[in-house]
Amino acid sequence: MSDTERAEAEAIRSKMIALEEYRKLLNGSELTSSWLVVDQSMIDTFADATRDHQFIHVDPTRAKAETPFGGTIAHGFLTLSLLSTLAFDAMPGVEGTRMGVNYGFERVRFLSPVKSGTRVRGKFRLNGLTERAVSLQSAWATVVEVEGATKPALEAHWITLALVGPRNARPTLVTTSLG
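Residues numbered from 1 in each chain as written. Predicted model: local features only at pLDDT ≥ 70, side-chain atom pairs only at ≥ 80, totals over all residues. Heavy atoms only, no water.

Draft legend 1. Fine view of the overall build of the protein chain. Secondary structure assignment for the protein chain yields seven helices and nine strands. Taken over the C-alpha atoms alone, the protein chain extends approximately 60 × 45 × 25 Å along its principal axes. Counting over 179 residues, the protein chain shows a buried share of 36%. Long-range contacts, defined here as pairs at least 24 residues apart, represent 74% of the contacts in the protein chain between residues at least 6 apart. (Helix = DSSP H or I, 4+ residues; strand = E, 2+ residues; numbered from the N terminus. Buried < 20%, exposed > 50% of the residue type's maximum accessible area, 1.4 Å probe, protein only. Contact = heavy atoms within 4.5 Å.)

Draft legend 2. Quick look at the confidence of the model for the protein chain. Across the protein chain, the average pLDDT comes to 91, with 93% of residues at or above 70. Segment residues 169–179: pLDDT under 50, and 21 contacts once partners within four positions in sequence are set aside and those in other chains are kept. (pLDDT = per-residue confidence, 0-100.)

Draft legend 3. Structural view of the layout of surface pockets. A volume near 610 Å³ is recorded for the largest pocket. Lining the largest pocket are 25 residues, and of these Phe88, Met91, Pro92, Gly93 and Gly100 sit closest to its centre. Elements represented by at least two residues in the lining of the largest pocket include exactly helix 7 (83–90), strand 4 (93–94), strand 5 (97–110), strand 7 (135–146) and strand 8 (154–164). Looking at which element gives the most residues to the lining of the largest pocket, the answer is strand 5, with six residues. Class assignment for the residues of the lining of the largest pocket results in 15 nonpolar, eight polar and two charged. (1 Å grid on protein atoms, 1.4 Å probe; cavity = no way out; pocket = protein on both sides within 12 Å on 5 of 7 lines; lining within 4 Å. Points joined across faces, edges and corners; volume = space filled by probe spheres on them. Nonpolar A, V, L, I, M, F, W, Y, C, P; charged D, E, K, R; others polar.)

Draft legend 4. Focus on the pattern of salt bridges. Considering all chains together, one arrives at eight salt bridges under this definition. A salt bridge links Glu30 to Lys123; its shortest N-O distance comes to 3.7 Å. Residue Glu30 is found in the loop between helix 2 (19–23) and strand 2 (31–32), and its partner Lys123 is found in strand 6 (residues 118–131); the two are separated by 93 residues along the sequence. Exposure remark for Glu30: the relative accessible area of 33% places this residue in the partly exposed category. (Salt bridge = Lys/Arg side-chain N within 4 Å of Asp/Glu carboxyl O.)

Draft legend 5. Expanded view of the nonpolar core. Membership of the largest hydrophobic core comes to 33 residues, with the highest contact counts inside it found for Val38, Val120, Phe124 and Trp140. Those elements that place two or more of their residues in this core are helix 2, helix 3 (40–50), helix 6 (76–81), helix 7, strand 6, strand 7 and strand 8. No other element matches the five residues that strand 8 contributes to this core. The contact partners of Trp140, leaving out residues within four places of it in the chain, are Tyr22, Leu31, Met91, Phe124, Arg125, Leu126, Asn127, Ala156, His157, Trp158 and Thr160. (Core = buried A, V, L, I, M, F, W, Y, C linked by side-chain atoms within 4.5 Å.)

Draft legend 6. Examining helix 7 more closely. For helix 7, the full list of buried residues reads Leu83, Leu86, Ala87 and Ala90. For helix 7, the angular spread of the buried residues around the axis is 100°, confining them to a single face. (Arc of directions from axis to C-beta.)

Draft legend 7. Representation of the environment of Pro92 in the model. With respect to the secondary-structure elements, Pro92 resides in the loop between helix 7 and strand 4. Measuring from C-alpha to C-alpha, the distance between Pro92 and Ala7 comes to 16 Å, with 85 residues separating the pair along the chain. If sequence neighbours within four positions are ignored, Pro92 has contacts with Lys15, Ile17, Tyr22, Leu25 and Leu31.

Encoded structure:
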């Protein structure tokens, strides 16, 4: 295991909480990540990975001249993909989790652009929790804010799945409306 892998594993372990504490997050306080800069390098790397090189993302001169944005903007899907790192910064994990995966989205809306060089942060509120013998399905109301903007970049209802060690208890359903 490399030093980086060890550091990442320790960061994950340090954020684990007991299931009883995780349940208390349901309909509780909003969890907020630190700010993250979305710079041109990040946008260009995403463009290369997705083969989406539309000028509004990768050509600062043309984007400044031909768009109302004043320069390049991040891809909507880049903003969506940042939920993973923003969530890792803001949300705890549940002790006993073997792995976490994205289960899906109920709704995603791109509400305003993320201009190159701006900072974003995530806000997360747990509003649904389904407990099963080997998994926890969590539903999150999520928002990606842009520093200094009145309108968020993104709103989504995100569903995550934590695979946990088998529990002997009967499966429990704890859920609320996703709104």
